[in-house]
Amino acid sequence: MAENNSNQTVTPISKTYDIIIFGASGFTGKYVVREALKFLNTPNSPLKSLALAGRSPSRLSEALKWASGPNPPPKIPLLTADTSDPSSLIRLAAQAKIILNCVGPFRLYGQPVVSACVESGCDYLDICGEPEFMERMEASYHEKAVEKGSLVISACGFDSVPAEIGLLFHSRHWAGPSAPNRVEAYLSLESDKKLVGNFGTYESAVLGVANSNKLVELRRSRPKRARPAIPGPAPPKGSIIEHQKQLDLWGLKLPSADSIVVRRTLATLTENPHGLPGVNESVENVKKREAFWSSVKPAHFGVKLGKKSLGTFRKEGPSEDEVASATFKMWFVGQGFSDSSVASQGKKKPDTEVITRVMGPEIGYLTTPIILVQCALVVLNDRDNLPKGGVFTPGIVFGPTDLEKRLQENGISFDFISKKALSA
């Protein structure tokens, strides 16, 4: 054990790069590079050193040139690594404080990267939206990640931070004795051009859902998670398609990573009511964290796709014009009780409705890189106040941090819309 401790004291000194972006030349990867460059060696940014990694140095060089345009590319190391070569990944993780993994589908290519990061005590963030992969990583690596001091956080992109941080933002608008029973998020994707998705992203989404039988198997083999106490009865299943009159949206029920990730966050919170202690946390931060989580009220959560918004798919992904013209709105419609103590008395129906909204640019190539880079900056800036290590969802780690404020400053807004009494 003593050997481990000596390694851990040496590790921070020997890390060459604050961040390595792995898969930097892929469709999403190059947008992540473009976003990260905005914060490299700028005032008040903790990002002082950056490297790009992937299979092909020439493609990395092209991606850096594209991401830097119209400026000349900065001198940033380009490192060769491949998911089929574990030793190349170990070398990578040994040099980084954080690896941002953009190589999907994660079910096929993610595990060796997580394994290398955990082994090296390096922090790991990704943009995965595949529930089976995320829960398998938790089952396989959580204990070792805690021991090695590696923070492993998947779903640090459009999947699932707007849902996670959006629900926590929504929850704060149920003040005093009031409490939500259920919150439905309606996702509306908007564009003045026909938006074309990238096939790799689509493949990840299909694999994520297609693997649901493996997820069921995995959960059967694991200890049951704690369930949060939510006032009132469980909401009815409801129809696959419904008309949300207030928002004037047709809602289509989705098999969504978001609702699964949110449930995992609420389970972790139920097991740790004050949140997760930091590795070297200040007294001030302990108070802030405990106050934050004491204000959060769990609810049943689901996601629906608002109106028709499925484009077509092609191998090469959308043009920059198509990306620039697209936006998303995620409406959180919460129904609950003005006084949670009456919810348990008989079959009370919710008497209060709160609506909040998260809004931002195109989801895959703009919002996802903004979120991933801001999550990484929080980790760099605030590492002592975050857990030593472990495999976690973004909500439970980033909820009490300044992530929401950072996203607001970078084009993703969180807004309170309305609160009203519901007629009996």
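Conventions we followed
- Residues numbered from 1 in each chain as written.
- Predicted model: local features only at pLDDT ≥ 70, side-chain atom pairs only at ≥ 80, totals over all residues.
- Heavy atoms only, no water.
- Core = buried A, V, L, I, M, F, W, Y, C linked by side-chain atoms within 4.5 Å.
- Buried < 20%, exposed > 50% of the residue type's maximum accessible area, 1.4 Å probe, protein only.
- Helix = DSSP H or I, 4+ residues; strand = E, 2+ residues; numbered from the N terminus.
- Contact = heavy atoms within 4.5 Å.
- Polar contact = N/O pair within 3.5 Å; in protein donor to acceptor, adjacent residues only side chain to side chain.
- Expected span 1.5 Å × (residues − 1).
- Patch = residues over 30% accessible without salt bridge, like charges linked within 9 Å, V, L, I, M, F, W, Y side chains within 5 Å.
- Areas by Shrake-Rupley, 256 points an atom, 1.4 Å probe, with all protein chains shown as cover.
- Salt bridge = Lys/Arg side-chain N within 4 Å of Asp/Glu carboxyl O.
- Pairing = 2+ DSSP bridges.
- Axes fitted to C-alpha atoms, helices over the stretch in contact; angles between N-to-C directions.

K.L.:
Help me out: how do you make sense of the nonpolar core in this one?
P.N.:
As a rule of thumb, nonpolar side chains are buried together in soluble globular proteins. Grouped together as the largest cluster of nonpolar side chains are 100 residues, with contacts concentrated most on I21, I99, L125 and F398. Looking at which element gives the most residues to this core, the answer is helix α15 (residues 363-382), with ten residues. When sequence neighbours within four positions are dropped, the list of residues in contact with L125 reads I98, I99, L100, N101, I153, C156, L372, C375, A376 and F398. The next biggest cluster of nonpolar side chains, apart from the first, holds six residues, and it includes L247, L249, V333 and I355.

K.L.:
Teacher, can you tell me more about the environment of L366 here?
P.N.:
In this fold, L366 is placed in helix α15. As a C-alpha pair, L366 and T327 span 39 residues in sequence and 9.3 Å in three-dimensional space. In contact with L366, not counting residues within four places along its chain, are Y31, R34, V323 and P361.

K.L.:
Explanation requested: the side chain of R383 in the structure shown.
P.N.:
Checked against the element boundaries, R383 lands in the loop between α15 and β15 (390-392). A polar contact is formed between the side chain of R383 and the side chain of D123, at a distance of 2.7 Å.

K.L.:
Could you clarify how one ought to interpret helix α11 (residues 257-271) in this entry?
P.N.:
Taking 1.5 Å per residue, 15 residues should reach 21 Å; α11 reaches 21 Å between its end C-alpha atoms and fits that length. For α11, a buried count of twelve out of 15 residues is recorded, marking the element as mostly surrounded by other parts of the structure. Three or more residues of α11 are buried, namely A257, D258, S259, I260, V261, V262, R264, T265, L266, A267, T268 and L269.

K.L.:
Sorry if this is basic, but what is going on with a nonpolar patch on the surface here?
P.N.:
A surface patch of nonpolar side chains, amounting to about 420 Å² of accessible area, comprises I240, I241, W250 and L252. Among the residues examined, L252 registers a relative accessible area of 34% and is labelled partly exposed.

K.L.:
What's the story with the sheet that holds strand β7 (residues 179-191) in this structure? I'm lost.
P.N.:
Two orientations exist for strands paired in a sheet by backbone hydrogen bonds: parallel and antiparallel. Read across the sheet, seven strands follow the order β9-β10-β11-β7-β13-β14-β16 without closing on themselves; strand pairing throughout is mixed. On the outer flanks of this sheet lie β9 (241-244) and β16 (413-421), each paired with one strand and no other. Each strand axis lies, on average, 25 degrees off the axis of its neighbour in the sheet, ignoring direction. As paired strands, β7 and strand β11 (residues 300-306) are joined by seven bridges and run parallel to one another. Bridging from a neighbouring strand, L187 pairs with L305 of β11. Of the strands in this sheet, β11 and β13 (326-337) touch α11, which is tilted by about 165 degrees from β11. The sheet contacts of α15 involve β7, β13 and β14 (352-361), and relative to β14 the element is tilted by about 100 degrees.

K.L.:
Looking at this structure, I do not really get unusual backbone geometry. What am I missing?
P.N.:
Generally, phi is negative for residues other than glycine and the peptide bonds are trans, each holding for most cases. Between G69 and P70 the backbone carries a cis peptide bond, its omega angle lying at 0 degrees. By the element assignment, P70 lies in the loop between α3 (57-68) and β3 (78-80). Cis geometry marks the peptide bond from D159 to S160; its omega dihedral reads 0 degrees. Within the secondary structure, S160 is located in the loop between β6 (151-153) and α8 (161-171). One non-glycine residue with positive phi stands out, namely N44, at about 65 degrees. Although it is not a glycine, A155 adopts a positive phi angle of roughly 65 degrees. Tracing the backbone shows A155 in the loop between β6 and α8. Residue class for A155 comes out buried when judged on its relative accessible area of 0%.

Note that every value here comes from positions in space, so none of it alone points to a role or purpose.
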